[in-house]
Amino acid sequence: IEAWKRAITLDPKLPGAYFNLGLTLVRKGDYSNAIGPLRQALALEPNNDGARRALALALMGKELYREASREIAQLLFRSPEDAALLELAADSFMRQKRYAEAAIVLQRRLRLPKPTSFLWSRYGDALDGSGRTPEAVEAYREAVKLDPESTLTRYGLGYLHWKLYQYDDAERELLEVLRRAPKEPRAAFTLGDIYLTK
């Protein structure tokens, strides 16, 4: 870090020094101090995708999600099928509660190889957040298929059934959660609510 700072002092127009400094600070988790050098690197080399990606990560680390989304959008324009970028974009949208946009990005990611249970459940959360709960149920079913042992994912499916007043389906999933994790409080609470309603 000190060497790159010295290089910048000697040549303030050396883009690689700003990029290396910013990237190292991101890797250290020092997001606040990484943003400035990475922005300077991009001012000198606007097409440096590595610097833009590192800047997006730094902005996410500082919870500056709107700014991060703008950087990610520029990267996706050039690499529309970059799985990691699509996941980062979805994360940024979810944190901003921009669920409809998160759903679009996650749908694109799920068309690529190696969709995971987590991605399907995240897609379900985005659909539910944008008022498309019946579709969210289908997404969670896919998540459970890929990871049937996950009590978290199975609870999510049960909760969505409960939300849609599909109490028999919800009961089945919640009982399965409690069979695997008897001390899961949310599952017990939601199951109690179902029994009270019935």
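Figured I'd write up the structure that's included with this text. What you are looking at is a predicted structure, and each value in this text was computed from that prediction instead of being measured.

A count of helices and strands for the protein chain gives 12 helices and zero strands. Order of helices (α) and strands (β) in the protein chain, N terminus to C terminus: α-α-α-α-α-α-α-α-α-α-α-α. The globule rule puts the C-alpha radius of gyration for 198 residues at 16 Å, and the 22 Å found for the protein chain is more than 25% above it. Considering only C-alpha atoms, the protein chain reaches an extent of 75 × 30 × 25 Å along its principal axes. Expressed as a percentage of contacts within the protein chain between residues at least 6 apart in sequence, the contacts between residues at least 24 apart total 42%. Counting only carbon and sulfur atoms, one obtains 54% of the accessible surface of the protein chain, whose full area is about 10900 Å². Of the side-chain charges in the protein chain, 31 are positive and 27 negative, and the distance between the mean point of each set is 4 Å.

Turning our attention to the packing of helix α10 (residues 151-163) against helix α12 (residues 185-197). Remark: α10 packs on α12, axes separated minimally by 11 Å, with the N-to-C direction vectors making an angle of 20°. One way to sum up the angle between α10 and α12 is to call them roughly parallel. The way α10 lies across α12 gives a crossing that is left-handed. Between α10 and α12, the residues in contact are L152, Y155 and W162 and R186, A187, T190, D193 and I194, respectively. Taken together, the residues of the contact of α10 with α12 sort by class into five nonpolar, one polar and two charged.

Below, the discussion takes up the side chain of S69. Structurally, S69 can be placed in helix α5 (residues 65-78). Other than its neighbours up to four places away in sequence, S69 contacts S92, F93, Q96 and R98.

Moving on, we get to the packing of helix α2 (residues 15-28) against helix α3 (residues 31-44). Interaxial distance between α2 and α3 falls to 8 Å at its minimum, and their mutual angle equals 155°. The pairing of α2 with α3 is recorded here as roughly antiparallel in orientation. Of the two elements, α2 crosses α3, and the hand of that crossing is left-handed. Two secondary-structure elements touch here, α2 through P15, Y18, F19, L21, G22, L23, L25 and V26 and α3 through Y31, N33, A34, P37, L38, Q40, A41 and L44. Residue composition of the contact of α2 with α3, by class: 13 nonpolar, three polar and no charged.

This part covers the pattern of salt bridges. Taken as a whole and judged by the stated rule, the model has 21 salt bridges. In this structure, the salt-bridge partner of R95 is D91, at a minimum N-O distance of 3.1 Å. Separated by four residues within a single helix, R95 and D91 lie in helix α6 (residues 83-95), roughly one turn from each other. For D91, a relative accessible area of 19% translates into the label buried. Within the structure, one salt-bridge network assembled from shared partners comprises E149, E176, R179 and R180.

Residue placement: S32 occurs in helix α3. For S32, a relative accessible area of 42% puts it in the partly exposed group. Distance from S32 to Y140, taken between C-alpha atoms, is 36 Å for residues 108 residues apart in sequence. A distance of 3.1 Å separates polar atoms of two side chains, one belonging to S32 and the other to K62.

Next up on the list: helix α7 (residues 99-110). Taking 1.5 Å per residue as the helical rise, α7 with its 12 residues ought to reach 16 Å, and the 16 Å between its terminal C-alpha atoms agrees with that figure. All of the buried residues in α7 are A102, A103, V105, L106, R109 and L110.

Parameters and conventions
- Residues numbered from 1 in each chain as written.
- Predicted model: local features only at pLDDT ≥ 70, side-chain atom pairs only at ≥ 80, totals over all residues.
- Heavy atoms only, no water.
- Helix = DSSP H or I, 4+ residues; strand = E, 2+ residues; numbered from the N terminus.
- Rg over C-alpha atoms; globule rule 2.2 N^0.38 Å.
- Contact = heavy atoms within 4.5 Å.
- Areas by Shrake-Rupley, 256 points an atom, 1.4 Å probe, with all protein chains shown as cover.
- Lys, Arg positive; Asp, Glu negative; His and termini not counted.
- Charge placed at Lys NZ, Arg CZ, Asp CG, Glu CD.
- Axes fitted to C-alpha atoms, helices over the stretch in contact; angles between N-to-C directions.
- Parallel < 35°, antiparallel > 145°, perpendicular 65-115°, else oblique.
- Left-handed = near helix turned anticlockwise from the far one by under 90°.
- Nonpolar A, V, L, I, M, F, W, Y, C, P; charged D, E, K, R; others polar.
- Salt bridge = Lys/Arg side-chain N within 4 Å of Asp/Glu carboxyl O.
- Buried < 20%, exposed > 50% of the residue type's maximum accessible area, 1.4 Å probe, protein only.
- Polar contact = N/O pair within 3.5 Å; in protein donor to acceptor, adjacent residues only side chain to side chain.
- Expected span 1.5 Å × (residues − 1).

Note that every value here comes from positions in space, so none of it alone points to a role or purpose.
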